[in-house]
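# Results of the structural survey
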Amino acid sequence: MRAREIEILLVEDNLNDVKLTKKALQKQDLNAKVAHVENGQEAIDYIFCRNKFSDRKKSSFPNLILLDLKLPKMDGLEVLKILKKDERTKSIPIVVLTSSDQDSDIEKSYDLGANSYIVKPVDFDQFMKSVTELGLYWFLLNEYTS
């Protein structure tokens, strides 16, 4: 495991899913800091250090973004579009983690540059297993740069 701290941005408006996701990631002892925002506009502000996130270090981007699609203020597809078009953020891995299993959402997400698309399992144990495996893949198996 890499020694440096990992930062994950969780973009999710369902507080139960936030709790479960954080719990599953903590189980893997990834030395990960999980930042959470509740809507698409906050995600963009967080990434680009604007508004209430203006004190964040501008040179620091998350190592992974877990992005729900159905969000208030700005949906996940719009967030994905903005981040993948910007030279500074286009290489950040973005995993769509959503309840939508609609073919159109899956296709559009990949067209916009999503690195992975996972439909949230309804079952608690399956949800925990999915997020745990997601963390293991992106930070233990997948090679990435600083």
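For every chain, the first residue of the written sequence is number 1, and numbering continues from 1 onward in sequence order. Selection of residues for local features in this predicted model requires a pLDDT of at least 70, selection of side-chain atom pairs for listing and counting requires 80 or more, and totals for whole chains, interfaces and linings are taken over all residues. Water and hydrogen atoms were dropped before computing side-chain values, which therefore reflect all heavy atoms in the structure.

Here we take up the pattern of salt bridges. When their charged atoms lie close together, side chains carrying opposite charge are able to pair. Note on definitions: salt bridges are taken to be side-chain nitrogens of Lys or Arg within 4 Å of carboxyl oxygens of Asp or Glu. Following the criterion strictly, the structure yields six salt bridges and no others. Between Arg50 and Asp45 there is a salt bridge; the shortest N-O distance is 3.5 Å. Burial here depends on accessible area, computed with a 1.4 Å probe over protein chains only, as a share of the maximum for the residue type. Under 20% is buried, over 50% is exposed, and the range in between is partly exposed. Classification of Asp45 by relative accessible area gives buried; the value is 8%. A salt bridge links Asp86 to Arg88, with the shortest nitrogen-to-oxygen separation between them at 2.8 Å. A relative accessible area of 53% means that Arg88 is categorised as exposed.

Per the convention used, a helix needs a DSSP run of H or I reaching at least four residues, while a strand needs a run of E reaching at least two, with both numbered from the N terminus. Every buried residue of helix H3 (residues 76-85) is accounted for by Gly76, Leu77, Val79, Leu80, Leu83 and Lys84. Taken end-on, H3 shows its buried residues confined to a sector of 155 degrees, consistent with a single buried face. In what follows, a contact means two residues having at least one pair of non-hydrogen atoms within 4.5 Å. Buried residues in H3 make contact with helix H2 (40-47), strand S3 (64-67), strand S4 (94-98) and helix H4 (103-111). Under the rule applied, a polar contact is a pair of N or O atoms within 3.5 Å (in protein, one hydrogen donor and one hydrogen acceptor; residues adjacent in sequence only if both atoms are side-chain atoms). Structurally, the start of H3 carries an N-cap: the backbone nitrogen of Leu77 is 3.1 Å from a side-chain oxygen of Asp75. Relevant arc is that of directions from the helix axis to the C-beta atoms, nothing else.

Before going further, it helps to spend a moment on the nonpolar core. Nonpolar cores are built from buried Ala, Val, Leu, Ile, Met, Phe, Trp, Tyr and Cys residues. Side-chain atoms within 4.5 Å join them into one set. If you look at the biggest cluster of nonpolar residues, it comprises 24 residues, and the most contacted ones within it are Leu9, Val11, Val37, Ile65, Leu67, Val79 and Leu83. Secondary structure elements with two or more residues in this core: strand S1 (6-11), strand S2 (32-37), H2, S3, H3 and S4. Counting residues in each nonpolar core, the second largest holds eight residues, with Ile8, Val18, Leu25 and Val95 among its members.

Tracing the backbone through its elements, the reader meets Leu64 in strand S3. We classify Leu64 as buried; its relative accessible area is 1%. Separated by 55 residues in the primary sequence, Leu64 and Leu9 place their C-alpha atoms 6.4 Å from one another.

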